[in-house]
Amino acid sequence: MKILAICGSLRAASLNAMLIRALIRLAPPDIDILTYDGMATLPLFNPDLDLTPPASVVNLKQQIAAADVILIASPEYAHGITGVIKNALDWTVSSDVFVYKPVVVLNASPRATHADAALREILSVMSARILETASVKVPVIGAKLDEDGMLSHPEIAGILKTALVAARTEWQTGQS
């Protein structure tokens, strides 16, 4: 299974980026997780460019289309999703790359309910298929853990491993 992981934060010390890197290290050999690294290169969404999108947008859509599953880990800013994740999703709205695409939503803060709900609503409108058993809240906010700390923390590592197995199971079930 091929997963494209998208972080909704550009912050160098992003907990969501650390969460994705921890997932990559925990993934079994049959789950290949690639991190999308072009968030900072996406221009602001402009519908006038939709028919001839910039190369960075074409790349984003190609990577989403090529993945079996999309994983999104994004923080909550002012009770909403981040501008960078909204911008990336806006660039894909007029295409079919998210239609029936299996998506895992990771939430690094169990208190961040507004962004989680908003992201799920946007993905639902785009006809994505949210893998509910794999979409988990991971209590890393306030835990003062880095990537290695997440891996050595039994509860957090367990949640991440369980999410990966659930993603694989739900994806395989959707294939039949």
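Structure: see above.
### What about the sheet that holds strand β7 (residues 129–130)?
With respect to topology, five strands assemble into an open sheet ordered β2-β1-β3-β6-β7, the strand pairing being parallel. At either end of the open sheet lies a strand with only one pairing partner, and these are β2 (32–35) and β7. Taken together, the four bridges between strand β3 (residues 69–73) and strand β6 (residues 102–106) define a ladder with parallel strand orientation. By the bridge assignment for β6, Ala 73 is matched with Leu 106. The sheet strands contacting helix α4 (residues 113–125) are β3, β6 and β7, and the helix crosses β6 at an angle near 170 degrees.

### Observations concerning α4
Spanning 13 residues, α4 covers 18 Å between terminal C-alpha atoms, matching the ideal 18 Å at 1.5 Å per step. Among the residues of α4, Ala 115, Asp 116, Leu 119, Arg 120 and Leu 123 are the ones counted as buried. Burial along α4 is one-sided: seen end-on, the buried residues are contained in an arc of 130 degrees. Its buried side turned inward, α4 meets β3, β4 (76–77), β5 (80–81), α3 (83–92), β6 and β7. Just past α4, the residue Ser 127 takes up positive phi, approximately 70 degrees.

### Some details on the pattern of salt bridges
Counted by the stated rule, this structure contains eight salt bridges. Two residues, Arg 21 and Glu 147, come together in a salt bridge whose shortest N-O distance is 2.8 Å. Placement of Arg 21 in helix α1 (residues 15–26) and of Glu 147 in helix α5 (residues 147–152) is noted, with a sequence separation of 126 residues between them. Classification of Arg 21 as partly exposed rests on a relative accessible area of 36%.

### Things to note about the environment of Ile 141
Turning to its location among the elements, Ile 141 is positioned in the loop between β7 and α5. C-alpha separation for the pair Ile 141 and Leu 51, spaced 90 residues apart in sequence, amounts to 40 Å. If we ignore the near neighbours within four places in the chain, the residues touching Ile 141 are Leu 15, Ala 108, Ser 109 and Arg 111.

Parameters and conventions
- Residues numbered from 1 in each chain as written.
- Predicted model: local features only at pLDDT ≥ 70, side-chain atom pairs only at ≥ 80, totals over all residues.
- Heavy atoms only, no water.
- Pairing = 2+ DSSP bridges.
- Helix = DSSP H or I, 4+ residues; strand = E, 2+ residues; numbered from the N terminus.
- Contact = heavy atoms within 4.5 Å.
- Axes fitted to C-alpha atoms, helices over the stretch in contact; angles between N-to-C directions.
- Expected span 1.5 Å × (residues − 1).
- Buried < 20%, exposed > 50% of the residue type's maximum accessible area, 1.4 Å probe, protein only.
- Arc of directions from axis to C-beta.
- Salt bridge = Lys/Arg side-chain N within 4 Å of Asp/Glu carboxyl O.

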